[in-house]
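Chain by chain, the residues run as shown.
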Amino acid sequence: MIRRAVAALFCLMAASSCAGPGDTPGDAPTLSGDPPVVIAHRGASGLLPEHTLEAYTLAVQQGADFIEPDLVMTRDGVLIARHDRHLSTSTDVSDRPEFADRRREQDLNGEPRTDWWAEDFTLAEIKTLRARQPYAGRSTDYDDQFEIPTLQQVVDLAITSGVGLYPETKSPSHHTAIGLDMKAPLLEAMEGLMVPVYIQSFEAQILRDLNQMTGFPLVQLYSGDPQAAAAGFEPPLDEVGAYADGVGPSKHLLWTAPGTPSDFVQRAHAFGLVVHPWTVRDDNVGDGFERVEDELAALYAQGVDGVFADFPETALEVRKAD
Ligand code: G3P
Ligand code: CA
C-alpha cells in the first residue's frame, strides 16, 4: 500500500511524463521521463556463457545499467547464479563421473525431468563445475572455462564496478518446500548495497514477504501463462502495486499483433509501476520484427522503462540513437 502511494505521488510530481490509460501508444515516455535502462540478461549472455562473472563483466564493460543474476540454491543454502535448478544444460556436470549417481528424476513445471539439480550439490561441489553455452547457435568457444558464481560474488562485482544489480529468485516456493529459504541469504548478501537494485520473481508470495523485509524495489514478473495466474503466482496488475514497484512482462504481452501495441505499458504506468519486458535477443528477434534494432526502437517508443537484453550493447546503441 505504501509502495502504491509513493508511486502515485511520484507520478503526480512527474505528471507530464506519466502515461495515462487514455493516452495513445506511440512515442510514449517512461514513467520517470528518464531513458529506459538496459539490463544485461544473464550478463552479456549472447556472447559468453550465461551467469558467469565473465559474462557480467563484459556487460559492465559494454555500459549496461544492470546485470541480472537468476538465483537458485545449493544443498548447503548458498545462492548461486543459474537460470535453472537443473544443471545439465548450462554446465559440464554430465561429463563428470564423480557426480554420475546424483542424476535423478523430479518434477519440473509439472513434467518429470531426469537431471542433476543444484539443490543436491554443496557449494564446494558446484565450484568444481564449469559453465557451458546452453543456446544452440551461440559460440561454445568459452565452454568449460568459467566457474558458477555465488550471489555474493556478483554483489561484489556490482560494488566494485558500480553497475546496478537485478537478481531474480527462481522457484522460491520449491526451495521453501525442501527447507531452503531464499530471502534471508538474499538480503544478507545485499545488505547496505548502494548501487541501483531491483529484486524480481515470477512468484508473488516471495515479493510480498520481501516487501515486509526490505526497501529494495521489487518487480513482479509475468510469463502470461494462464496457469501461473490461476496458481496465484502472477496476480493482476491492480494488485501488484501493494507489494511491488514494477513489472517484468514477457515481451509478447506488449503486442496484440505484430506492430500493434497492447495497453500493457499504459496500464502498468497508470498504477505507478515501471515496465521492464524480457527478453530482447539479437539472434532471435521477436513479435514480427525483422531487425532487433526495430524491435528495440518499438519497445522504447512504447515507453518501457527498461529492457532485458542478451546483447546489451545493441540495446544501448539503439537507445543512444533514439
Ligand atoms: O527475469 C526476466 C527474465 O529473465 C525472465 O525470464 O526465464 O530468462 O529468467 P528468464
Ligand atoms: Ca531472469
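Nothing here was measured: the structure is a model prediction, and the numbers come from that model. (Residues numbered from 1 in each chain as written. Chains lettered and ligands numbered in written order. Predicted model: local features only at pLDDT ≥ 70, side-chain atom pairs only at ≥ 80, totals over all residues. Heavy atoms only, no water.)

On to the overall build of the protein chain. Across its full length, the protein chain holds 12 helices and 15 strands. Taken over the C-alpha trace, the protein chain has a radius of gyration of 19 Å; the compact-globule value for 322 residues is 20 Å, and the two agree within 12%. Looking at the protein chain residue by residue over its 322 residues, the buried ones come to 54%. Nonlocal contacts in the protein chain, meaning residues at least 24 apart in sequence, comprise 68% of its contacts between residues at least 6 apart. Accessible surface, the protein chain as shown: approximately 13600 Å² in total, 53% of it carbon and sulfur. Computed over 24 positive and 50 negative side-chain charges, the inter-centroid distance for the protein chain is 4 Å. (Helix = DSSP H or I, 4+ residues; strand = E, 2+ residues; numbered from the N terminus. Rg over C-alpha atoms; globule rule 2.2 N^0.38 Å. Buried < 20%, exposed > 50% of the residue type's maximum accessible area, 1.4 Å probe, protein only. Contact = heavy atoms within 4.5 Å. Areas by Shrake-Rupley, 256 points an atom, 1.4 Å probe, with all protein chains shown as cover. Lys, Arg positive; Asp, Glu negative; His and termini not counted. Charge placed at Lys NZ, Arg CZ, Asp CG, Glu CD.)

The calcium ion (ligand 2) binds to the protein through Glu 68 (OE), Asp 70 (OD) and Glu 168 (OE), with metal-donor distances spanning 2.1 to 2.3 Å. Metal-centred angles of 61 to 164° between the six donor atoms at the calcium ion (ligand 2) mark the site as irregular. (Donors = N, O, S within 2.8 Å, 3.2 Å for Na, K, Ca; no water. Tetrahedral: all angles 85-135°; square planar, octahedral: opposite > 155°, others 65-115°.)

Most of helix H11 (residues 292–301) is tucked away: seven of the 10 residues are buried. Burial in H11 covers these residues: Val 292, Glu 295, Leu 296, Ala 298, Leu 299, Tyr 300 and Ala 301. Gly 303 sits one or two positions beyond H11 and adopts a positive phi of about 90°.

The two faces of the sheet receive side chains in turn, since in a regular strand these alternate between them. In terms of burial, strand S10 (residues 218–222) is largely enclosed, as five of its five residues are buried. Across the two faces of S10 the burial is the same, with Leu 218, Gln 220 and Tyr 222 and Val 219 and Leu 221 all buried. Taken together, the three bridges between strand S9 (residues 199–201) and S10 define a ladder with parallel strand orientation. Each bridged residue has a counterpart across the sheet, and for Gln 200 the counterpart in S10 is Val 219. Alignment of S10 against strand S11 (residues 246–249), held across four bridges, turns out to be parallel. Paired with Tyr 222 across the strands is Pro 249, a residue of S11. (Pairing = 2+ DSSP bridges.)

We now examine the confidence of the model for the protein chain. Averaged over every residue, the pLDDT of the protein chain is 92; residues scoring 70 or more account for 92%. Segment residues 4–26: pLDDT under 50, and 32 contacts once partners within four positions in sequence are set aside and those in other chains are kept. (pLDDT = per-residue confidence, 0-100.)

This part covers the site of ligand 1. Lining the immediate surroundings of ligand 1 are His 41, Arg 42, Glu 68, Asp 70, His 83, Glu 168, Lys 170, Gln 200, Phe 202, Leu 221, Trp 278 and Phe 308. Note that an oxygen atom of ligand 1 is positioned 2.6 Å from one of the side-chain N or O atoms of His 41. Between Gln 200 and ligand 1, the recorded distance is 2.6 Å, taken from a side-chain N or O atom to an oxygen atom. With the chains in place, 92% of the 280 Å² that ligand 1 exposes on its own is no longer accessible. (Near = heavy atom within 4 Å. Polar contact = N/O pair within 3.5 Å; in protein donor to acceptor, adjacent residues only side chain to side chain.)

Another point: the packing of H11 against helix H12 (residues 312–321). H12 packs onto H11 with a crossing angle of 60° between their chain directions and a minimal axis gap of 9 Å. Comparing their axes, H12 and H11 come out oblique. Crossing angle aside, the handedness with which H11 passes H12 is right-handed. For the pair H11 and H12, the contacting residues are Val 292, Glu 293, Leu 296, Ala 297 and Tyr 300 in the first and Thr 314, Ala 315, Val 318 and Arg 319 in the second. A class-by-class count of the residues in the contact of H11 with H12 yields six nonpolar, one polar and two charged. (Axes fitted to C-alpha atoms, helices over the stretch in contact; angles between N-to-C directions. Parallel < 35°, antiparallel > 145°, perpendicular 65-115°, else oblique. Left-handed = near helix turned anticlockwise from the far one by under 90°. Nonpolar A, V, L, I, M, F, W, Y, C, P; charged D, E, K, R; others polar.)

One pass over the full model with this rule turns up 24 salt bridges. Note that Lys 170 and Glu 168 form a salt bridge whose closest N and O atoms lie 2.8 Å from each other. Just as Lys 170 is buried, Glu 168 falls in that class too. Note that Lys 251 is salt-bridged to Glu 295, the shortest N-O span being 2.8 Å. Taken together, the residues span a long stretch of sequence, with Lys 251 in the loop between S11 and strand S12 (255–257) and Glu 295 in helix H11 at a distance of 44 residues. One exposure class covers both Lys 251 and Glu 295, and it is buried. (Salt bridge = Lys/Arg side-chain N within 4 Å of Asp/Glu carboxyl O.)

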